[in-house]
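# Working through the structure, step by step
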Amino acid sequence: MLTIKNLHAEVDGKQILKGINLEIKRGEMHAIMGPNGSGKSSLSSVLAGRENYTVTQGEVLFDGKDLLEMSPEDRAREGLFLAFQYPVEIPGVSNLHFLKTALNEIRTYHNLPALESKEFLKLTKEKQQLVDFNANLMNRSLNEGFSGGEKKRNEVFQLAMLDPKLAILDETDSGLDIDALRIVASGVNKLRSADKAFVVITHYQRLLEYIVPDFVHVLYNGQIVKTGTKELALELEEKGYDWLKEEVHQKESV
Amino acid sequence: MRNSNEIIDDIANREYEFGFTTNIETEMAPVGLNEETIRFISAKKEEPEWMLQWRLKGFQAFKKMQFPKWQHFEMPELDLQKLSYYAAPKQKKKLNSLDEVDPELLATFEKLGIPINEQKTLAGVAVDVVFDSVSVATTYREKLKELGIIFCSFGEAVRTYPELVQKYLGTVVPHSDNIFAALNAAVFSDGSFVYIPKGVRCPMELSTYFRINAENTGQFERTLIIADDNAYVSYLEGCTAPMRDENQLHAAVVEIVALDHAEVKYSTVQNWYPGDKDGKGGIYNFVTKRGICKGNSSKISWTQVETGSAITWKYPSVILQGDDAEGEFYSVAVTRNKQIADTGTKIYHLGRNTRSRIISKGISAGHSDNTYRGLVQVGPRAANARNFTQCDSLLIGDRCGAHTFPYIESRNSTATVEHEATTSKIGEDQIFYLNQRGIETEKAVALIVNGYAQEVLNQLPMEFAVEARKLLSITLEGSVG
């Protein structure tokens, strides 16, 4: 579904991604881990099309289409969803109105008629229950005055509503207490299906106890330096990243 | 990806939707401003002598006055001698019913989305339609009459209800109030007159729609609204004009009188032609609007959505004379290209326990300049007066300006006056977030702006809130990259 080949990108003239290669297939759950500043969030920003990142080399194919050629909104309409690490607040715009606009933009792109209010509300209720999102927050202004945890849960609710092919969760676990973490993880698990793929970016193994990945990749210094299964995450938890860094430096010096 | 300047240029080149002209035979006054002009207008309107005398008093005052210099923009050169002060569609005979209105006029208003045909109007809205200098139609008059409500053109009120007009005309905005009000007093053409009798709650929205059509004219309408004891009315005005290279002057006066326990809500959706992207053409919207809460516990509320005009210069005000009276001002002013807005309100707290609330939202894009100017004055008798003011500015792009000039004068130590102000820019983060959910940039901006103006839009009657939202979205389409 998503093929990343030799992806290089820079921001403010500084090289951040230095040759990422990654293949993601339908139904898969990938976790990306790595120390601070390794390029995890940059990777998600580049994939989503954030303006201040410049791709200097490489390509990304999304279901055969050149992702990097697309505007951010078209990437979203094609089915790429980013759950933000820091969701923004938009005062005065109700959560539901925003979601209805988003959903209908995506539907229009696929030549589908806009959803009637009744159908939309039905869908809303269904998804809200599925991911256990507080109904009171749906009519509030988008993320305005939400707690950190509520914002993250709203990202998962939006994910459920927009039903993308590929969802990237950028440190969705940061700032969550253990109960909220469980609810978020259970929401994500309910959304897993054979035709969808997930990329979970996280610092901690903790989240992966609840969302079990098929693959774990370690990003270091702009490259994927190791790929394994969930055991790799446990190993990292135990030993930290230093042994991996050393491995990389040894390889480089050979 | 397109940069912001390209997109701003796109929007600048967008056509003004209501810029067409109507080909209709028009009767005009000779160009120029003098006593003859005033006598001509008065005679055309078959006015009584007292009305002519009042106009002449206005003209005397006008001649002694100068254009103000305190505004935050360069005053354009206005040659008032080059304008024609009266333009009216030619009518073969007196109209007895709406069916007799010139089909060309009906078509014009259909095109503007203002059907004059009663069957087609929005349920629950009565409309008075003013085309250039005259009122061409007023709907639902009979139905309103049953309740004792008078809703008619100003000209008709002068002839039919002279006592009421004489009692209140100029009591809120005197003929010598300011140079534009004095000019209006001298040459005002038409407008709406509303009287709600004691204890009557007007069952429908009353609305006036102003259209400037003729070339080289000014529009000087005058509106007078009186809500008697315990009466209530909600009133809305809308306006558009054709696209022309010359600037046109619109100097209207609105007076509102609220007696004991009466309430008047006055809403404006202003969409006069704003000029082109280089600032050529457009309406000078220099308007005096003022209401007086004469009675105890009365209330006047202004809501304005200002998106049009080359220059918008007005301060809808409230004099809180009665005890426990309440005044409100809600405003959204949008400027783009080279538009200028210098707008706000004045609230005079005279009575005891009077309250006021001011919510102003300025939105500037392009090379425009948007100024909030507001006065809150508390008199010595106004014990426990309270005011809350919030004025926010939103900037789109980096070539526009936002300014705030609040004036607060309190002469009573028990008064509470609060002022809050913020300035913000639409954040790239906000736009990217919405992009990432499949919403393109133009729609994202519209969504953010509508959210920003929400508190004010909520004050509009429902049908018009929908219109205003659309107008805001269209006006700002493409203002951000």
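In the nomenclature of an unreviewed UniProt entry, chain B is known as Fe-S cluster assembly protein SufB of Chitinophaga tropicalis. The record held by UniProt for chain B lists under Sequence similarities (unreviewed entry) the comment "Belongs to the iron-sulfur cluster assembly SufBD family."

In the annotation of an unreviewed UniProt entry, chain A is listed under the name Fe-S cluster assembly ATPase SufC and assigned to Chitinophaga tropicalis.

## Quick word on the overall build of chain B
Across its full length, chain B carries eleven helices and 23 strands. Relative to its 481 residues, chain B shows a buried fraction of 62%. Contacts in chain B between residues at least 24 apart in sequence constitute 84% of all its contacts with a sequence separation of at least 6. A total of about 18,500 Å² of accessible surface is found on chain B, and carbon and sulfur atoms cover 47% of it.

## Regarding the side chain of Gln304(B)
All names here are of chain B. Within the element layout of this structure, Gln-304 appears in strand 14 (residues 299-306). Of the residues examined, Gln-304 reaches a relative accessible area of 2% and is grouped as buried. Setting aside its immediate chain neighbours within four residues, Gln-304 contacts Thr-268, Lys-314, Pro-316, Phe-329, Tyr-330, Ser-331, Val-332, Thr-343 and Val-456.

## Side note on the sheet that holds strand 10 (residues 197-201) of chain A
All names here are of chain A. Spatial ordering of the open sheet is given by 6-9-10-3-11-12, a layout of six strands whose pairing is mixed. Of all strands in the sheet, those bounded by a partner on one side alone are strand 6 (80-83) and strand 12 (223-228). Adjacent strand axes in the sheet meet at a mean angle of 20° when their direction is disregarded. As judged from the four bridges shared by strand 3 (residues 29-33) and strand 11 (residues 215-220), these two strands associate in the parallel manner.

## Comments concerning the packing of helix 4 (residues 117-130) of chain A against helix 5 (residues 148-162) of chain A
All names here are of chain A. Between helix 4 and helix 5, the least distance of the axes is 9 Å, while the angle of their chain directions is 130°. When the axes of helix 4 and helix 5 are compared, the pair comes out oblique. Relative to helix 5, helix 4 is oriented so that their crossing is right-handed. Of helix 5, the residues touching helix 4 (which contributes Phe-120, Leu-123, Thr-124, Lys-127 and Gln-128) are Phe-157, Ala-160 and Met-161. A class-by-class count of the residues in the contact of helix 4 with helix 5 yields five nonpolar, two polar and one charged.

## Topic: the interface of chain A and chain B
Many structure descriptions define interface size as the accessible area lost when the parts assemble. The interface of chain A with chain B comprises 31 residues on the first partner and 19 residues on the second. Between chain A and chain B, a total of about 2,200 Å² is buried, with carbon and sulfur atoms accounting for 65% of that surface. Where chain A touches chain B, the interface holds three salt bridges. The residue Asp429(B) makes a salt bridge to Arg50(A) at a minimum N-O spacing of 3.2 Å. Linking chain A with chain B are twelve residue pairs in polar contact (both at pLDDT 80 or more), by the criterion used here.

## Observations concerning the sheet that holds strand 5 (residues 65-66) of chain A
Paired through their backbone hydrogen bonds, the strands of a sheet run either parallel or antiparallel. All names here are of chain A. With respect to topology, four strands assemble into an open sheet ordered 2-1-4-5, the strand pairing being antiparallel. The open sheet is flanked by strand 2 (14-24) and strand 5, the only strands paired with a single partner. Where strand 1 (residues 2-11) lies against strand 2, eight bridges are found, and the strand directions are antiparallel. When the sheet's bridge partners are listed, Leu-2 is paired in strand 2 with Ile-24. Of the strands in this sheet, strand 1, strand 2 and strand 4 (53-62) touch helix 1 (residues 40-48), which is tilted by about 105° from strand 1.

## Things to note about the pairing of strand 15 (residues 311-314) of chain B
All names here are of chain B. What you see with strand 15 is no split at all: Ile-311 and Trp-313 on one side and Thr-312 and Lys-314 on the other are buried throughout. Bridge count between strand 13 (residues 282-293) and strand 15: four bridges; the pairing is parallel. Within strand 15, the residue paired with Asn-285 across the bridge is Thr-312. Pairing analysis gives four bridges linking strand 15 to strand 18 (residues 340-349), with the strands arranged parallel.

## Overview of helix 3 (residues 49-63) of chain B
Residues and elements named next belong to chain B. Look at helix 3: 21 Å from first C-alpha to last across 15 residues, which is about the 21 Å you get at 1.5 Å a residue. Those residues of helix 3 not exposed but buried are Met-51, Leu-52, Trp-54, Arg-55, Leu-56, Gly-58, Phe-59, Ala-61 and Phe-62. Buried residues in helix 3 make contact with helix 2 (35-44), helix 6 (154-160), helix 8 (179-187) and strand 8 (222-227).

## Here we look at the UniProt feature "domain: ABC transporter" (unreviewed entry) in chain A
In this numbering, the UniProt entry assigns the feature "domain: ABC transporter" (unreviewed entry) to residues 2-246 of chain A. When the span residues 2-246 of chain A is considered, its composition is 38% helix and 29% strand, and the gap between its end C-alpha atoms is 30 Å.

## Focus: the pattern of salt bridges
Summed over the entire model, instances satisfying the criterion amount to 31 salt bridges over all chains. Here Arg381(B) ties to Asp323(B) by a salt bridge, and the two come within 3.4 Å at their closest N and O atoms. Residue Arg381(B) is found in the loop between strand 20 (369-378) and strand 21 (386-395), and its partner Asp323(B) is found in the loop between strand 16 (317-320) and strand 17 (326-335); the two are separated by 58 residues along the sequence. A residue is classified by how much of its surface remains accessible, and Asp323(B), at 16% relative accessible area, is buried. The closest approach of N and O atoms between Glu326(B) and Arg355(B), which form a salt bridge, is 3.6 Å. Placement of the pair is Glu326(B) in strand 17 and Arg355(B) in strand 19 (residues 355-364), with a sequence separation of 29 residues. When its relative accessible area of 40% is taken as the criterion, Arg355(B) is described as partly exposed. What you see here is one network of salt bridges that share partners, running through Asp74(A), Arg77(A), Glu105(A) and Lys443(B).

## Focus: the pairing of strand 19 of chain B
In regular strands, side chains alternate between the two faces of the sheet. All names here are of chain B. Strand 19 sits mainly inside the fold: eight of its ten residues count as buried. Where strand 17 lies against strand 19, ten bridges are found, and the strand directions are parallel. Counted as the bridge partner of Ser-331 is Ser-360 from strand 19. Direction of pairing for strand 19 relative to strand 21: parallel, over a ladder of ten bridges. The residue bridging Ser-360 from the neighbouring strand is Cys-391, located in strand 21.

## Some remarks on the environment of Ala185(B)
Residues and elements named next belong to chain B. Residue placement: Ala-185 occurs in helix 8. When the C-alpha atoms of Ala-185 and Ala-385 are compared, they prove to be 33 Å apart, with 200 residues separating the residues in sequence. For Ala-185, the contacting residues outside a window of four places in its chain are Trp-54, Arg-55, Gly-58, His-175 and Arg-222.

## A closer look at the packing of helix 3 (residues 95-109) of chain A against helix 4 of chain A
Residue and element names in this part refer to chain A. Two numbers describe how helix 3 lies on helix 4: the axes approach to 12 Å, and their chain directions differ by 110°. Between helix 3 and helix 4, the interaxial angle falls into the category roughly perpendicular. Here helix 3 and helix 4 pass one another in a crossing that is right-handed. Counted together, Leu-96, Leu-99, Lys-100 and Leu-103 of helix 3 and Ser-117, Phe-120, Leu-121, Leu-123 and Thr-124 of helix 4 form the full contact between these two elements. Across the contact of helix 3 with helix 4, the residue classes break down as six nonpolar, two polar and one charged.

Parameters and conventions
- Residue indices follow the written sequence of each chain, beginning from 1 at its first position.
- Each chain takes a letter, starting from A, and each ligand takes a number, starting from 1, following the order in which they are written.
- Local features in this predicted model are restricted to residues of pLDDT 70 or higher, and side-chain atom pairs are both shown and tallied only at a pLDDT of 80 or more, whereas totals for entire chains, interfaces and linings draw on every residue.
- Hydrogens are left out, water is left out, and the side-chain values use all remaining heavy atoms of the structure.
- UniProt positions are given in the numbering used here, feature names are shortened, and annotations may be inferred rather than shown by experiment.
- The helix and strand labels rest on DSSP assignments: H or I over at least four residues marks a helix, E over at least two residues marks a strand, and numbering proceeds from the N terminus.
- The classification of residues rests on relative accessible area computed with a 1.4 Å probe and restricted to protein chains. Under 20% of the type maximum is buried, over 50% is exposed, and intermediate values are partly exposed.
- Note on definitions: a residue-residue contact is assigned when non-hydrogen atoms from the two residues lie within 4.5 Å.
- Here the Shrake-Rupley method, with its probe set to 1.4 Å, supplies the accessible areas, and only the displayed protein chains count as covering residues.
- Any two strands are treated as partners once DSSP identifies two or more bridges connecting them.
- Axis lines are fitted to C-alpha atoms, over the contacting stretch for helices. Their N-to-C directions set the angle, which ranges from 0 to 180 degrees.
- Working rule for angles: under 35 degrees goes down as roughly parallel, over 145 as roughly antiparallel, 65 to 115 as roughly perpendicular, anything else as oblique.
- Crossings are sorted by hand: turned counterclockwise from the far helix by less than a right angle, the near helix makes the crossing left-handed, and turned clockwise it makes it right-handed.
- Gly is put with the polar residues, along with every residue not named as nonpolar or charged; the nonpolar set is Ala, Val, Leu, Ile, Met, Phe, Trp, Tyr, Cys and Pro, and the charged set is Asp, Glu, Lys and Arg.
- As a working definition, buried area equals the accessible area (1.4 Å probe) given up by two parts on being put together, with both sides summed.
- Here, a salt bridge means any side-chain nitrogen of Lys or Arg that lies within 4 Å of a carboxyl oxygen of Asp or Glu.
- Whenever a nitrogen or oxygen atom comes within 3.5 Å of another N or O atom, the pair is scored as a polar contact, on the condition that within protein one atom can donate a hydrogen and the other can accept it, and that pairs from neighbouring residues in sequence are kept only if both atoms are in side chains.
- Helix span is expected to be 1.5 Å times the residue number reduced by one.

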